[in-house]
Amino acid sequence: MADSQRVDVLRNLVAKYLDEIGLQYLKDQNNNFLVPFGEGVRLHLVPKELGDDMTVIQIIAPTNVGLNVTGELAMFIATENAKFIFGRLALYPNEHAVGFEESLLGDFLNRAELEVAIGVAASMANKYDDEIMQRFGGQKAGPGI
């Protein structure tokens, strides 16, 4: 399905901001942004529709893969999420994976907000990938780019 004009506008704005911030990026087969971010972290920036009249940019930082999804892991994620001001850890049970996610309203996006959100997501992914691997197994998601 083709993107709406609103999503195309958001995608162009995100590219402009990434260039201004000085971050290198690639685009995947869906035209979403893949941003390698030091310390083996990879961010996915996904512009999308939000309802009928808004857009959102979802920032996803995979942390761990190959996990055995247990109640203990789910409780850890829920407990840690209660500590965050921005973003959240997300459990993807079908993929046996965990990531850190943050979403920003695309229609009101500004460069400073995007830069801070990218920094938070990268920092949190880098913080939690080691702890999750040590406590719950699997492996770090790594940059994969």
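Placed above this text is the structure.
Below or above, wherever it landed, is the structure these notes cover. (Residues numbered from 1 in each chain as written. Predicted model: local features only at pLDDT ≥ 70, side-chain atom pairs only at ≥ 80, totals over all residues. Heavy atoms only, no water.)

1. Remarks on the pattern of salt bridges
Enumeration over the complete set of coordinates arrives at 8 salt bridges. In this structure, Lys 83 engages Glu 80 in a salt bridge whose closest nitrogen and oxygen atoms are separated by 2.9 Å. A salt bridge links Glu 101 to Arg 88; its shortest N-O distance comes to 2.7 Å. With a gap of 13 residues between them, Glu 101 in strand S6 (residues 97-105) and Arg 88 in strand S5 (residues 88-92) connect regions that are remote in the sequence. Judged by relative accessible area, which is 35%, Arg 88 ranks as partly exposed. Where salt bridges share partners, they join Lys 16, Glu 20 and Arg 111 into one cluster. (Salt bridge = Lys/Arg side-chain N within 4 Å of Asp/Glu carboxyl O. Helix = DSSP H or I, 4+ residues; strand = E, 2+ residues; numbered from the N terminus. Buried < 20%, exposed > 50% of the residue type's maximum accessible area, 1.4 Å probe, protein only.)

2. Let's talk about the side chain of Arg 42
Tracing the chain through its elements places Arg 42 in strand S3 (residues 42-50). Of the side chains with opposite charge, Asp 28 comes closest to the buried, unpaired Arg 42, at an N-O distance of 8.8 Å. Only 2.8 Å separates the side chain of Arg 42 from the side chain of His 44, close enough to count as a polar contact. (Lys, Arg positive; Asp, Glu negative; His and termini not counted. Polar contact = N/O pair within 3.5 Å; in protein donor to acceptor, adjacent residues only side chain to side chain.)

3. Section: the packing of aromatic side chains
Counted under the stated rule, the structure contains 5 aromatic pairs. Both rings, one in Tyr 25 and one in Phe 33, keep their centres 5.3 Å apart while their planes meet at 70°; by these two values the pair is edge-to-face. Tyr 25 sits in the partly exposed class, given a relative accessible area of 24%. Arranged with centres 5.5 Å apart and planes meeting at 75°, the rings of Phe 84 and Phe 100 form a pair that is edge-to-face. Taken together, the positions of Phe 84 in the loop between helix H2 (71-81) and S5 and Phe 100 in strand S6 put the pair 16 residues apart, joining distant regions of the chain. Accessibility classification places Phe 84 together with Phe 100 in one group, the buried group. The rings of Phe 76, Phe 84, Phe 100, Tyr 128 and Phe 136 are connected pair by pair, giving a single aromatic cluster. (Phe/Tyr/Trp six-rings, centres within 6.5 Å; stacked < 30°, edge-to-face > 60°.)

4. Quick notes on the pairing of S3
As paired elements, strand S2 (residues 33-36) and S3 share 4 bridges and run antiparallel to each other. Within S3, the residue paired with Leu 34 across the bridge is His 44. Bridge count between S3 and strand S4 (residues 54-65): 7 bridges; the pairing is antiparallel. Bridge pairing in S4 places Glu 49 opposite Thr 55. (Pairing = 2+ DSSP bridges.)

5. Let's talk about a nonpolar patch on the surface
On the surface, a nonpolar cluster with roughly 290 Å² of combined accessible area is contributed by Leu 50, Leu 105 and Phe 108. Looking at the secondary structure, you find Phe 108 in the loop between S6 and helix H3 (111-136). With a relative accessible area of 57%, Phe 108 lands in the exposed category. (Patch = residues over 30% accessible without salt bridge, like charges linked within 9 Å, V, L, I, M, F, W, Y side chains within 5 Å. Areas by Shrake-Rupley, 256 points an atom, 1.4 Å probe, with all protein chains shown as cover.)

6. Brief notes about the nonpolar core
Generally speaking, soluble globular proteins have nonpolar side chains that are buried together. By size, the foremost hydrophobic cluster in this structure holds 34 residues, and its most contacted members are Val 14, Leu 43, Leu 45 and Leu 114. Put simply, the parts of the chain that give this core at least two residues each are helix H1 (5-21), S2, S3, S4, H2, S6 and H3. At 10 residues, the largest contribution of residues to this core is made by H3. (Core = buried A, V, L, I, M, F, W, Y, C linked by side-chain atoms within 4.5 Å.)

7. Describing unusual backbone geometry
In this model, Asn 31 sits at a positive phi of 70°, which is unusual for a non-glycine residue. Along the chain, Asn 31 turns up in the loop between strand S1 (26-27) and S2. The class of Asn 31 is partly exposed, set by a relative accessible area of 33%. Although it is not a glycine, His 96 sits at a positive phi angle of roughly 55°.

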